[in-house]
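Each chain is listed here by its residues.
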Amino acid sequence: MNFEFTEEQKLFADSVRRFGLTHLEKDALKRAHDPRFPFDVAKLMSQQGLMGITISEADGGQGGTLTDAVIAIEQIAAVCPRSADVVQFGSFGPIRTFAEYGTAQQKKRWLPELLSGHMVMSLGMTEPEAGSAATDLTTTAKPDGAHHIINGTKVFPTFSPDAAVFLIYVRFGPGVGGIGSAIVERNTPGFAIGPPQQFMSGEEWCELHFDNCRIPAENVLLGPGGFKKQMSGFNVERIGNAARALAFGRYAFDRAREHAQVREQFGRPLCEFQGLQWKFADMAIKLESAQLLLYRAAANADRGFPSAYETAIAKAACNQVGFDVASESVQVMGATGYSRAALVEYCMRRCRGWMIAGGSVEILKNRIAEHVFDRRFDQRGRSHADAAE
Ligand SMILES: Cc1cc2nc3c(=O)[nH]c(=O)nc-3n(C[C@H](O)[C@H](O)[C@H](O)COP(=O)(O)OP(=O)(O)OC[C@H]3O[C@@H](n4cnc5c(N)ncnc54)[C@H](O)[C@@H]3O)c2cc1C
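The structure presented is a predicted model; accordingly, all values stated were derived computationally and were not measured. (Residues numbered from 1 in each chain as written. Predicted model: local features only at pLDDT ≥ 70, side-chain atom pairs only at ≥ 80, totals over all residues. Heavy atoms only, no water.)

Attention shifts here to the nonpolar core. In this structure, Met45, Ile76, Phe89, Phe92, Leu114 and Ile150 are the most contacted members of the largest nonpolar core, which totals 105 residues. Of all the elements, helix H8 (residues 227-262) adds the most residues to this core, at 15 residues. Ranked by size, the runner-up nonpolar core spans five residues in total, among them Ala312, Ala316, Leu364 and Ile368. (Core = buried A, V, L, I, M, F, W, Y, C linked by side-chain atoms within 4.5 Å. Buried < 20%, exposed > 50% of the residue type's maximum accessible area, 1.4 Å probe, protein only. Helix = DSSP H or I, 4+ residues; strand = E, 2+ residues; numbered from the N terminus.)

Where helix H4 (residues 66-77) meets H8, the axes come as close as 9 Å, and the angle between the chain directions of the two elements is 30°. With respect to each other, H4 and H8 are oriented roughly parallel. As H4 packs across H8, the resulting crossing turns out to be right-handed. The segment H4 lies against H8, with Leu66, Val70, Ile73, Glu74 and Ala77 engaging Val236, Ile239, Gly240, Ala243, Arg244, Ala247, Phe248 and Tyr251. Partitioned by chemical class, the residues of the contact of H4 with H8 number 10 nonpolar, one polar and two charged. (Axes fitted to C-alpha atoms, helices over the stretch in contact; angles between N-to-C directions. Parallel < 35°, antiparallel > 145°, perpendicular 65-115°, else oblique. Left-handed = near helix turned anticlockwise from the far one by under 90°. Contact = heavy atoms within 4.5 Å. Nonpolar A, V, L, I, M, F, W, Y, C, P; charged D, E, K, R; others polar.)

Right, let's talk about empty space enclosed by the protein for a bit. With the rule as written, the count across this model stands at two cavities of 30 Å³ or more. There is about 100 Å³ of room inside the largest cavity. For the largest cavity, the lining is made up of 13 residues, of which Pro35, Phe159, Pro161, Glu203 and Glu204 are closest to its centre. The residue makeup of the lining of the largest cavity, split by class, is seven nonpolar, one polar and five charged. What the second largest cavity holds in volume is close to 30 Å³. Taken together, the residues of the lining of the second largest cavity sort by class into five nonpolar, one polar and one charged. (1 Å grid on protein atoms, 1.4 Å probe; cavity = no way out; pocket = protein on both sides within 12 Å on 5 of 7 lines; lining within 4 Å. Points joined across faces, edges and corners; volume = space filled by probe spheres on them.)

Quick look at the site of the ligand now. Around the ligand there are 19 residues in total, and Leu123, Thr126, Ser132, Ser360 and Glu362 lie nearest to it. Taking Met125, its main chain carries an N or O atom lying 2.8 Å from an oxygen atom of the ligand. Here a nitrogen atom of the ligand sits 3.2 Å away from a polar atom, N or O, in the side chain of Asn366. Calculation on the ligand without its partners gives an accessible area of 970 Å², and the protein chains cover 68% of this total. For the shell around the ligand, the secondary-structure elements that each account for two or more residues are strand E1 (121-124) and helix H12 (361-373). In terms of residues, the shell around the ligand owes the most to one element, H12, which gives three residues. Split by residue class, the shell around the ligand holds nine nonpolar, nine polar and one charged. (Near = heavy atom within 4 Å. Polar contact = N/O pair within 3.5 Å; in protein donor to acceptor, adjacent residues only side chain to side chain. Areas by Shrake-Rupley, 256 points an atom, 1.4 Å probe, with all protein chains shown as cover.)

Geometric descriptors of this kind do not, in isolation, establish any biological role.
Okay, structure coming up:
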């Protein structure tokens, strides 16, 4: 067992940090408060080889590992937290599932623009009545000659105000086995995108409405039976989500550490008060332990998709730690930390969302408990109404 990065990984981390310092640090605050996708950053990252880190060279990516992509998130988030979303998009998001399962024709059509930073993709899985119970989704795709007709509604899709293409989870038939996915382009007739709405983080999302939306059959990504494959791809997304939560927590921690050394009260720097020293010690313990879980999940997955269990443990830990540390950092910095002029409060708000998105902490704990007891726990118990009968 080795807890050190390889020389190559250290050089990569250094080069990403230098890129971030040169191109991204200056406008970090402005970018954090801009809800739209930063295409300028995506284009720069593409030129720097930071898009498609986990995507094969044959598909136009960098052919790197999941650990490389985690390193990129850490280094970028350390200088410009918001720009880490671009690494997420280019290496962990729906693009990774798309590159894994797309046909040669589909990849040729969309990957070049996605990887060059000119286009962004959004994932439509959640529905008004299907959140944590994702397999309850009711958006249908019915074959009609050389087309499929899509009907249904999706909510909360990240990057939807700016996306040109959408990876939509659809139902071809009943049950989990009937679930698959399709690619829908923004201006397809029958596809209406609602006005942007805002999360606590400031990020915007739009409702997606499909009303007899006709797509060519070749836009189907995974047909019936594709749900399991989609969830394997989704574990990659979860690693990126975990990496950002931890990196945002660390960003807040670093700012609080700097602050505690220069801010004086009662004639002494804050860091000399034991009440605050122990907060920093607790934060350090949390950050270091969650980081090991994240690296384990990423490193063990390098030849493919990460394990569901290791991913669940890593994401649950990183989401909780990222939020706890960012929140404690706000506390340590007082009103300065709570101010929108510092990025610490932004990190706290973003981390809060990741405890819900991409598999909530509770749903991940359900998965972990199944591993602990080595059995499946069906969440669909009898309702109170049924039980009363
Ligand atoms: C920042 C952000 C970005 C998002 N991006 C996307 C996106 O790009 N694409 C997309 O499709 N969706 C996206 N979502 C939606 C996200 O996937 C859902 O919010 C998530 O699946 C939870 O569903 P829900 O909000 O409907 O909550 P619900 O499913 O209604 O759950 C409510 C609460 O109950 C808990 N709960 C539910 N079932 C159980 C159970 N069996 N055991 C214990 N606790 C349970 C949940 O953990 C949660 O705390 C995003 C959400 C956020 C916050």
